[in-house]
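Residue-level structural notes
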Amino acid sequence: MTMLFCEGFEQYADQADFLRSIWQTQSIGGITGFTTGRHGGQALQLHSSNESVAFPTPDAGIEYWVGVAVRFTGASIVAGGIINLQAQDVVQGALNITAAGELEYVADTQLDITSGLGLTIDTWYYIELHVLLDATVGELEVKVNGATQIGPLTGQDTERVQGPNIHKIILQQNLTNQPDYDDFYLNNAAGLTNNDFLGDIIVETVFPDADGNRNDMTRVGGGLNNYEAVDDGATPDDDTTYNHGNVVGDDELYSFGDLTGNGFQIDTVHGVGVTNHYRQAEAGVRFVRALARSNVTEVEGANLGVGANYQYNQHIYEVDPDGGGAWDEAAINAAEFGITIEG
Amino acid sequence: MTMLIMEGFEGYGDVADVRRRHVLIQSGTPTLETGRYGGKALQMSTNNGMYLQGFGNPTTFVIGVAIFMSGTSIATSDVIRTIDGVTDNLVLGVYAGGMLNISRANTLLGVSSVGLRLNTWHYLELKGVIDDSVGTYEVRLDGVNILSDTGQDTDSTGNARINLIQIHRQSSGAELHDDLYLLDSAGLTNNDFLGDIQIQTINPDGDGNRNDFTRVGGGLNNFEAVDDGDSPDDDTTYNHSAVLDEDELYTHSALSGTFDTVYAVMVRNHVRKENAGDRSVRAITRSNVSEAESALDPLGVDYRYIDGLFETDPQGGGAWTETRVNAAEFGLTIEA
């Protein structure tokens, strides 16, 4: 149970919508916006050197696998940071690209640099980074399109800042390469699955297409069925069409459109991330939990806080609630997902 | 009886008016903006700040405040500083990216894994026990515990207390603040997290059981001369008296919305004295036929806001209900 987050950037309309997610802009530049993604959908554009985004690690751990598709769209490759690992507000380590298109990893000092890799502009690369923080037995490995390009190194000082923690993952640091990012994942070392490199993955987003087993909430606008009032796809209309409930235990479940693999065969489903978009209408202690129903078995996520403004929150289901094994395409297509209210 | 401070910022006309109740750090210009659920909120930006003081010297405290950070990024800054004298004890801060951190003075104690989001109202609560070996802290964001520990040194001075709190320090972005409360751990009620609360302000709408003061301007009834709503008109319309034990009581508008719990009623009076000589006031609450008075507050020659907190209904001594609040009368009495 170690996939912490996955992100395809598919559902965001603009910067304001993106900032409702767990991602936060890291500098005054915000984000450029979104463009067509690697295999359709959307990709995140960070086209100014003062634009970067931060993902807060949910466990402030010492060992992570980060995967993300990157494309440089500038006129030429320019040196800068692609993935930056930070403790508090201080860099623990950085995966950089050089002006020659090589990758280097720098902690206190440069730990390694590729030779002959030669990344070029206008090409999608799937870059994965594994780091174990330690002052003496740190580990490091970098893969590009599934092939190891740095390491695997062991016995390294990967801990630039005293106190071995990573609190946030930064995408883009002083890059002038105008990068696009897509298909992000973050794993840690816990559990029995998703605790290693996943390889080149696609994060596909599917949206509600029908009401599910239970729809206890009251629909406001949005057609004849609750699923039609869900904010999905284009710009969320917030309080224009929505489903609401204030009763603890009220559930919403929806069926979803089938996976397509974005045109590719689906070999493995590493996890399902259920993202809900919600707010509370008045003060009071309420929580929500993501809800998944497979066959007749249901599993709820952890309590999530609810504020007065809309926000996106994701819960990862790494295994099929029905039987506890790995998800497959058919099980996902048949499953229902939604939300429940807690007090 | 452990609610120490409540603040919804609703009754203030402008920032100068806020300064009649709280000390605001003067650098920069705080402003009053639209609040979380309507009403008002206090916005502070670079080098602004607001102090909470006059709440004694609690060892254990809980503070809650709604906070909204706007702009295109969250800047590293302090959100809540708890202070003993001039020395920081627990300080709750935020890093760029939104994760919260807690420290004792400059010693980092913990970093949260989730944090604040831009352009979003969050309800943030901090509970602390100040001790040099068995101190504790717990931070809740929208009701969820996101950062906590026990057995910590949370005491920079060795006095096991706080007596000053600063809200907001050194952020380069604008932050709105609303619906603030402060508790200690004494008593049987309001001695632990309240969760996401709303502070609603209601204003006088009729004279009450006794109106002993003399009205100056302001219509036919004393309640019409009360400074409520927008900027106070001070000595233009007011009610006054120089006689000890003279009282003013008013009925007021009803609460609006749906309530699970009423944690307390705070009676805020806007007062000054006209001449030298010791004079004080107490807030009064009258519920059915039972009355209660708050602690004595001495007056100065300039207007300021004085709060009296009533955690229980004087009629029966139980928790307030919406109905009982709406039927009650509130005001003040003159003391030596």
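Residues numbered from 1 in each chain as written. Chains lettered and ligands numbered in written order. Predicted model: local features only at pLDDT ≥ 70, side-chain atom pairs only at ≥ 80, totals over all residues. Heavy atoms only, no water.

On to the pattern of salt bridges, then. The full count for this structure, using the stated rule, is 30 salt bridges over all chains. A salt bridge links D89 of chain A to K168 of chain A; the nearest nitrogen and oxygen atoms lie 2.8 Å apart. Here D89 of chain A is found in the loop between β7 (80-87) and β8 (90-97), whereas its partner K168 of chain A is found in strand β14 (residues 168-173), with 79 residues between them in sequence. Classification of D89 of chain A by relative accessible area gives partly exposed; the value is 29%. Between R169 of chain B and D88 of chain B there is a salt bridge, and its shortest N-O distance comes to 3.8 Å. (Salt bridge = Lys/Arg side-chain N within 4 Å of Asp/Glu carboxyl O. Helix = DSSP H or I, 4+ residues; strand = E, 2+ residues; numbered from the N terminus. Buried < 20%, exposed > 50% of the residue type's maximum accessible area, 1.4 Å probe, protein only.)

With that out of the way, let us pick up the sheet that holds β14 of chain A. Residues and elements named next belong to chain A. The strand order across the open sheet built from seven strands is β2-β5-β14-β7-β8-β9-β10, with neighbouring strands paired in antiparallel fashion. In this open sheet, the two edge strands, each paired with only one partner strand, are β2 (24-25) and β10 (110-113). Examined bridge by bridge, strand β5 (residues 53-56) and β14 share four bridges and lie antiparallel to one another. Its bridge partner being in β14, A54 is matched across the sheet by I170. (Pairing = 2+ DSSP bridges.)

This next bit is on the packing of aromatic side chains. Residues and elements named next belong to chain A. A full pass over the atoms with the stated rule returns 21 aromatic pairs over all chains. Ring plane angle 35° and centroid distance 5.8 Å describe the contact between F9 and W23, whose orientation is recorded as tilted. Placement of F9 in the loop between β1 (3-7) and α1 (15-18) and of W23 in the loop between α1 and β2 is noted, with a sequence separation of 14 residues between them. Among the residues examined, F9 registers a relative accessible area of 0% and is labelled buried. In this structure W23 comes out as buried when scored by relative accessible area, which is 0%. Taking the centre distance of 5.9 Å and the plane angle of 50° together, the rings of F55 and F184 count as tilted. One end of the pair, F55, is in strand β5; the other, F184, is in strand β15 (residues 179-188), and 129 residues separate them in sequence. Look at F184 and you get buried, because its relative accessible area is 0%. (Phe/Tyr/Trp six-rings, centres within 6.5 Å; stacked < 30°, edge-to-face > 60°.)

The pLDDT averaged across chain B works out to 93; a share of 99% of its residues lies at or above 70. Confidence estimates for the predicted assembly give a pTM of 0.89 and an ipTM of 0.82. (pLDDT = per-residue confidence, 0-100.)

What follows is about the domain arrangement of chain A. Residue and element names in this part refer to chain A. Taken domain by domain, chain A consists of domain 1 (3-188) and domain 2 (208-342). Computed over C-alpha atoms, the centres of domain 1 and domain 2 are 29 Å apart. Taken together, the 12 residues of domain 1 in the interface contact 16 residues of domain 2. Counting each side, the surface lost to burial between domain 1 and domain 2 is near 1,200 Å², with a carbon and sulfur contribution of 52%. On the domain 1 side of the contact with domain 2, M3, R20 and H39 bury the most area, a combined 52% of that side's loss. Across the domain 1-domain 2 interface, the total number found is one salt bridge. Salt-bridge contacts for D238 lead to R20; the nearest nitrogen and oxygen are separated by 2.8 Å. The tally of links between domain 1 and domain 2 comes to seven residue pairs in polar contact (both at pLDDT 80 or more). Broken down by element, the side of domain 1 that touches domain 2 gets its largest block of residues, four residues, from β1. Within the side of domain 1 that touches domain 2, the residues separate by chemical class into seven nonpolar, three polar and two charged. (Domains from an automatic or database assignment. Contact = heavy atoms within 4.5 Å. Buried area = accessible area lost by both parts, 1.4 Å probe. Polar contact = N/O pair within 3.5 Å; in protein donor to acceptor, adjacent residues only side chain to side chain. Nonpolar A, V, L, I, M, F, W, Y, C, P; charged D, E, K, R; others polar.)

On to the pairing of strand β4 (residues 42-45) of chain A, then. All names here are of chain A. Of the strand pairs in this sheet, strand β3 (residues 33-36) and β4 are connected by four bridges, and their pairing is antiparallel. Bridging from a neighbouring strand, G33 pairs with Q45 of β4. Counting the residues in the hairpin turn of β3 and β4 gives five residues, including G40, whose phi is positive at 85°. For β4 and β15, the ladder comprises two bridges, and the chain directions are antiparallel. By the bridge assignment for β15, Q45 is matched with D180.

Take the sheet that holds strand β9 (residues 99-104) of chain B next. Residue and element names in this part refer to chain B. Pairing is antiparallel across the open sheet formed by seven strands, whose spatial order is β2-β5-β14-β7-β8-β9-β10. Taken across any chain shown, the strands that pair with only one partner, and hence form the sheet edges, are β2 (23-24) and β10 (107-115). With five bridges connecting them, strand β7 (residues 77-84) and strand β14 (residues 164-169) associate as antiparallel partners. By the bridge assignment for β14, T82 is matched with I165.

Buried accessible area, meaning the area lost when the parts come together, often serves as the stated size of an interface. All names here are of chain B. According to the domain assignment, chain B consists of domain 1 (3-184) and domain 2 (204-334). Domain 1 and domain 2 are separated by 29 Å when their C-alpha centres are compared. Each partner contributes to the interface: domain 1 provides 13 residues, whereas domain 2 provides 16 residues. Summed over both partners, the interface of domain 1 with domain 2 comes to about 1,200 Å²; 46% of that surface belongs to carbon and sulfur atoms. When the buried surface of domain 1 facing domain 2 is broken down by residue, M3, M6 and R20 rank first, second and third, together holding 55% of it.

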